[in-house]
Amino acid sequence: SNAEAAEFRKDILNSLEEQQSGVIPKKDPDCPDYLGPPKCNFVSGCRLGVGTKPTASLIATPFYRRRTHSHYDDDAPHEDDSPHHIVLQGEDRNRIERHAKSHLHSFIKSDACVKIVDVPPHATDEQISASLAEHCTVKPPSAVWSSAVFVPKEKTSGSADPYHRTVYAVFPSREAKDNLIENLHRANEDASRGHHREREERHPRIRDGRDGIPGVLHLDVDCTDVYGRRQVDADGKGGAPPLTEEQKASKKEPDLKLPTRRCTVFVSTASLAPSQPVSVLSAAVSSRARIAQDRDSVSTIALTLDQVREIKAGNRLDDLLRLLYPGNELENVDDEDILDVSIAYLRRVHLFSFYNGCTAASDVGNVLSGQHPAGTIHLRLRDADEILRKAAEEKGDIPMTGGVDEEKNEDNENLEDDDNEDSSGNEGKAVAKDMLVMRLNESISKALDHVKMLAYRGSSCLIDEETDSAARAIELQEQQTKNEWIENHGIIDGDGRARCSFHFCHKLFKDRAFLQKHLIKKHSDQLRAECGKCHDDAMMTAWDNDENRPVPGVLIDCGSKFGLVTCAVKGSDKPMAADPEPRLWKEEEERMAEEERKYQERQAAAEAAARAEEMEQKRRQEELAASAAEKRKGNFVDVDDMPEEKVELSFEDVAVAPPPKKKKKKKKLL
């Protein structure tokens, strides 16, 4: 939190320096007109009131569904896929490349983070970090975070491997990350030569177009021991394990090291910034009437969290706001800009999601993987008040967007206005009745109560009194175990010199103090393993009290119809697996009844269609017969029915030709 708060302050200073150097801040083209130009580019990247509704064709695309539908709540109903009001035609404007860049974490925005997928449960974060460091020649990763382990449940399906997780490695800079990718790519190319060349030719890898580097690289991880041990401490005093009969009979020196165990994980070379999910809130939640109230709530939450988590002075939210708006500027700033900067601060520094649940994530990995609501950046709907006004005038439901905060039917039954009220009164009443607004108000109220409890406990209480007390007991036990372990792994000679008792070391030191430094520095893996035993009792207690244990399901034989069915083990006092066969038979009966109902509907529809087609065909035949009869009637001539025609003859003014002249016969000469 302190590191990200420092990066947040650095972003503000850099943006203010750009402004002072003459750089004109760019106003988002989708930003409402009433906000005006931003103070600097950082404020422009914080503004959330720029959300637009996606088109129906865009919502139907698999990419949009994958990017907007978060999967942290499998039981939550999904929103309606067909929006009531279409604002845009074509592209999706709610992309992180266009809006809310200041809400991204510093290592995501600087592209200094890599995503590692399909990490098995026996590979620890320390082993992942050590394997990455082997391929780094600039700087190793500064932090490694894991998402929650994927635990399969009943009636769930997914492509993720059971009990695997996703790991995110953060590097000090983008150059260090690029150095890792180049070295890892070179190692993959070297490993692909020889017997792998033919396989690579048959199955070409997907490349991301950046200097021929593939989109996914293979990383070999040494997961021999979770503590990094290579040798076995058989008796707890550095002794070697007993030799087997074969080792005793062999003339070779026995190999007492732990057997090597390795696994392969997959490193994504793609940038994580474009894949950050963005969602648009509903019109009621985006109303400008909520801005002032939400600003006060966010300020109270941020102030308390800063105190509880001991954020350094100068990097807290109130200090950063005074840095961004010095003097009296803060009093004249629009509440919406203050709200958006505060929400960005809560998400980046405290992993807090304001618009979806008002809860904070416990780990960065869950935020980056989308398993917590803070992983989604929520945009407010642009022109929400205008949409609410039109909806109130039409006395209809408020058009909802494709955000993750929306629910079906019962959550969309908004704006039920009374006929005897005016439109402005209806608008306020509709907002108050909106289910999303009620849910957000309830979440804010719970969050305010929670931060009050944290403030009452103080910064000394991390989780709760019971958990903190158990943690202090474990720390005390670890210190006692450490002292005993150092005492058991030292051999003091008569002259005061001390020798390491590990069977693979036996180094001699001047006195006990030097031996203690040696044990802590060179055999820290053995010390961590010994201290790890102090957590066994607490882990077993938590395991016994857990109702839903992340263990592989039990296979139950449900007869020839269903075969072997995996069932989850539940219960703390008496763990047991419920018989799934009655439920399966009930589901089968429901499925068969549903299929019969659909079959009857199809049959009825087919019969109705056949009757309609028959009637249509009959109608067409009648029309054709009538048309033919009409045509015959118009063109038929009866030869026996001779019409009487009267012709009048007139001989007046008739030009009669004169008779032809007779030709004179020529006399023939004799």
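As the structure is a computational prediction, the values presented were derived from the model and not from experiment.

(A) Geometry of the pairing of strand E16 (residues 564–567). By the alternation rule, side chains of E16 split into Val565 and Cys567, which are all buried, and Leu564 and Thr566, of which none is buried. As defined by bridge partners, strand E15 (residues 554–557) adjoins E16 across four bridges and the pair is classed as antiparallel. Across the sheet, residue valine 554 finds its bridge partner in E16, namely cysteine 567.

(B) Inspection of a nonpolar patch on the surface at higher detail. Judged by side-chain polarity, Val647, Leu649, Phe651, Val654 and Val656 come together as a nonpolar surface patch covering roughly 630 Å² of accessible area. For valine 656, the location among the structural elements is in the segment after helix H23 (581–635).

(C) Structural context of helix H11 (residues 317–324). Residues of H11 that are buried: Leu317, Leu320, Leu321 and Leu324. Down the axis of H11, the sector holding all buried residues measures 100 degrees, keeping them to one side. On the buried face of H11, the contacting elements are helix H1 (2–20), helix H2 (41–46), helix H10 (291–308), helix H12 (329–332) and helix H13 (335–350).

(D) Representation of the environment of asparagine 441 within the structure. Tracing the sequence through the fold places asparagine 441 in helix H17 (residues 435–457). A sequence separation of 156 residues divides asparagine 441 from valine 285, and the C-alpha atoms of the two residues are 9.8 Å apart. Among the polar contacts made by the side chain of asparagine 441, one reaches the side chain of arginine 290 at a distance of 2.9 Å.

(E) Geometry of the sheet that holds strand E12 (residues 490–492). Pairing in this open sheet of three strands is antiparallel, and the strands run E12-E13-E14 from one edge to the other. In this open sheet, the two edge strands, each paired with only one partner strand, are E12 and strand E14 (508–509). As judged from the three bridges shared by E12 and strand E13 (residues 498–500), these two strands associate in the antiparallel manner. Bridge pairing in E13 places glycine 490 opposite cysteine 500. Helix H19 (residues 512–522) rests against E12, E13 and E14 of the sheet, and its axis sits at about 20 degrees to E13.

(F) Quick look at the state of the cysteines. Counting across every chain of the model gives zero disulfides. Left without a disulfide partner, cysteine 263 is nearest to the cysteine sulfur of cysteine 223, which lies 3.9 Å away. By relative accessible area, which is 10% here, cysteine 263 ends up buried. Sulfur of cysteine 534: no disulfide; nearest cysteine sulfur belongs to cysteine 531 and is 5.7 Å away. The class for cysteine 534 is buried, based on a relative accessible area of 5%.

(G) View of the sheet that holds strand E1 (residues 113–119). On the basis of which strands lie adjacent, the open sheet formed by five strands has the order E2-E3-E1-E7-E6 and antiparallel pairing. A strand with exactly one partner marks an edge of an open sheet, and here the two such strands are strand E2 (143–146) and strand E6 (216–222). Averaged over all pairs of adjacent strands, the angle between their axes in this sheet comes to 30 degrees, without regard to strand direction. As judged from the three bridges shared by E1 and strand E7 (residues 262–268), these two strands associate in the antiparallel manner. The partner of isoleucine 116 across the bridge, within E7, is valine 267. Contacts from helix H6 (residues 125–133) reach E1, E2, strand E3 (165–170), E6 and E7 within the one sheet, and its direction differs from that of E6 by about 115 degrees. Relative to E6, helix H7 (residues 174–192) is tilted by about 85 degrees, and along the sheet it contacts E1, E6 and E7.

(H) Molecular detail of the packing of helix H18 (residues 465–488) against H19. Contact geometry of H18 with H19 gives a least axis separation of 10 Å together with a crossing angle of 115 degrees. On the basis of the axis angle, H18 is roughly perpendicular to H19. Between H18 and H19 the crossing geometry is right-handed. Contacts between H18 and H19 involve Lys482, Trp485, Ile486 and Glu487 from the first element and Arg512, Gln516, Leu519 and Ile520 from the second. Residues belonging to the contact of H18 with H19 are distributed by class as follows: four nonpolar, one polar and three charged.

(I) Up close: the confidence of the model for the protein. Per-residue pLDDT for the protein averages 79, and the proportion of residues at 70 or more is 80%. For residues 200–204, every residue scores under 50 in pLDDT, and the model assigns this stretch two contacts once sequence neighbours within four places are set aside.

(J) Representation of the side chain of glutamine 231. Relative to the elements of secondary structure, glutamine 231 occurs in the loop between E6 and helix H9 (245–249). In this structure, glutamine 231 is in contact with Leu256, Lys257, Leu258, His503, Phe504 and Gln526, ignoring residues within four places of it in sequence.

(K) Up close: unusual backbone geometry. Phi angles above zero are rare outside glycine, and cysteine 358 is one such case at about 55 degrees. Here aspartate 383, not a glycine, exhibits a phi torsion of approximately 55 degrees, which is positive. Considering the arrangement of structural elements, one finds aspartate 383 in the loop between strand E11 (377–379) and helix H15 (384–394). Under the relative-accessibility criterion, aspartate 383 is labelled partly exposed at 45%.

(L) Here's a closer look at the pattern of salt bridges. Using the criterion set out here, one finds 36 salt bridges in the structure. Glutamate 329 is paired through a salt bridge with lysine 39; the nearest N and O atoms lie 3.0 Å apart. On the criterion of sequence distance, the pair formed by glutamate 329 in helix H12 and lysine 39 in the loop between H1 and H2 is long-range, its members being 290 residues apart. Take glutamate 329: its relative accessible area is 35%, and that puts it in the partly exposed class.

(M) Quick look at the environment of leucine 440. Mapped onto the elements of the fold, leucine 440 is located in helix H17. Taking relative accessible area as the criterion, leucine 440 reaches 4% and is therefore assigned buried. With residues up to four places along the chain from it excluded, the contact list for leucine 440 reads Val285, Arg290, Phe354 and Tyr355.

(N) Region of the structure containing the packing of aromatic side chains. Following the criterion strictly, the structure yields seven aromatic pairs and no others. Considering the side-chain rings of phenylalanine 107 and tryptophan 145, the 5.6 Å spacing of their centres and the 40 degrees angle between planes classify their relative orientation as tilted. Linking phenylalanine 107 in helix H5 (residues 106–109) with tryptophan 145 in strand E2, this pair joins segments that are 38 residues apart in sequence. Taking the relative accessible area as the measure of exposure, phenylalanine 107 reaches 9% and is therefore buried. Take tryptophan 145: its relative accessible area is 23%, and that puts it in the partly exposed class.

(O) A look at the pairing of E3. With six of its six residues buried, E3 lies for the most part within the structure. Where burial is concerned, the two faces of E3 agree: the one with Arg165, Val167 and Ala169 and the one with Thr166, Tyr168 and Val170 are both buried. Alignment of E1 against E3, held across five bridges, turns out to be antiparallel. Note on E3: the bridge partner recorded for lysine 115 is tyrosine 168. Two elements, E2 and E3, share four bridges in a ladder whose sense is antiparallel.

(P) Representation of the packing of H18 against helix H20 (residues 524–532) in the model. Two elements in contact, H18 and H20, have axes separated by 9 Å at closest approach and are oriented at 135 degrees. With respect to H20, the element H18 is oriented oblique. When you trace H18 past H20, the crossing you get is right-handed. Counted together, Glu478, Thr481, Lys482 and Trp485 of H18 and Gln526, Leu527, Glu530 and Cys531 of H20 form the full contact between these two elements. When its residues are assigned to classes, the contact of H18 with H20 shows three nonpolar, two polar and three charged.

About the cut-offs
- Just so you know, the residues in each chain are numbered from 1, in the order the chain's sequence is written.
- Only residues with pLDDT of at least 70 get local features here, since the model is predicted, and only at 80 or more are side-chain atom pairs given and counted; chain-wide, interface and lining totals rely on the full set of residues.
- Each side-chain value is derived from all of the structure's non-hydrogen atoms; neither hydrogens nor water enter the calculation.
- Each residue's exposure class comes from its accessible area (1.4 Å probe, protein chains only) as a fraction of the maximum for that residue type: buried when under 20%, exposed when over 50%, partly exposed otherwise.
- Going along the chain from the N terminus, every DSSP run of H or I of four or more residues is numbered as a helix, and every run of E of two or more is numbered as a strand.
- At least two DSSP bridges between two strands are needed for those strands to be called paired.
- Each patch is built from residues that are more than 30% exposed by relative accessible area and take part in no salt bridge. Like charges join if they lie within 9 Å; nonpolar side chains (Val, Leu, Ile, Met, Phe, Trp, Tyr) join within 5 Å.
- All accessibility values rest on the Shrake-Rupley procedure with a 1.4 Å probe; residue burial counts only the protein chains present in the view.
- When a carboxyl oxygen of Asp or Glu lies within 4 Å of a side-chain nitrogen of Lys or Arg, that pair is called a salt bridge.
- The arc in question is formed by the directions pointing from the helix axis toward the C-beta atoms.
- Any two residues having at least one pair of non-hydrogen atoms within 4.5 Å are treated as being in contact.
- We call two N or O atoms a polar contact when they sit within 3.5 Å, provided that within protein one can donate a hydrogen and the other can accept it, with sequence-adjacent residues counted only if both atoms are side-chain atoms.
- Throughout, an axis means a line fitted to C-alpha atoms (over the contacting stretch in the case of helices), and angles, computed between N-to-C directions, take values from 0 to 180 degrees.
- Cysteine sulfur atoms that pair up within 2.5 Å are treated as a disulfide.
- Here roughly perpendicular refers to angles of 65 to 115 degrees, roughly parallel to angles under 35, roughly antiparallel to angles over 145, and oblique to all remaining angles.
- Crossing handedness is read from the near helix: turned anticlockwise from the far helix by less than a right angle, it gives a left-handed crossing, and turned clockwise, a right-handed one.
- When residues are sorted by character, Ala, Val, Leu, Ile, Met, Phe, Trp, Tyr, Cys and Pro go into the nonpolar class, Asp, Glu, Lys and Arg into the charged class, and all the rest, Gly among them, into the polar class.
- One number per residue, pLDDT, summarises how confident the predictor is, and it ranges from 0 to 100.
- Here is the rule: rings of Phe, Tyr and Trp (six-membered ring for Trp) pair when centre to centre is within 6.5 Å. Planes less than 30 degrees apart are stacked, more than 60 are edge-to-face, and the remainder are tilted.

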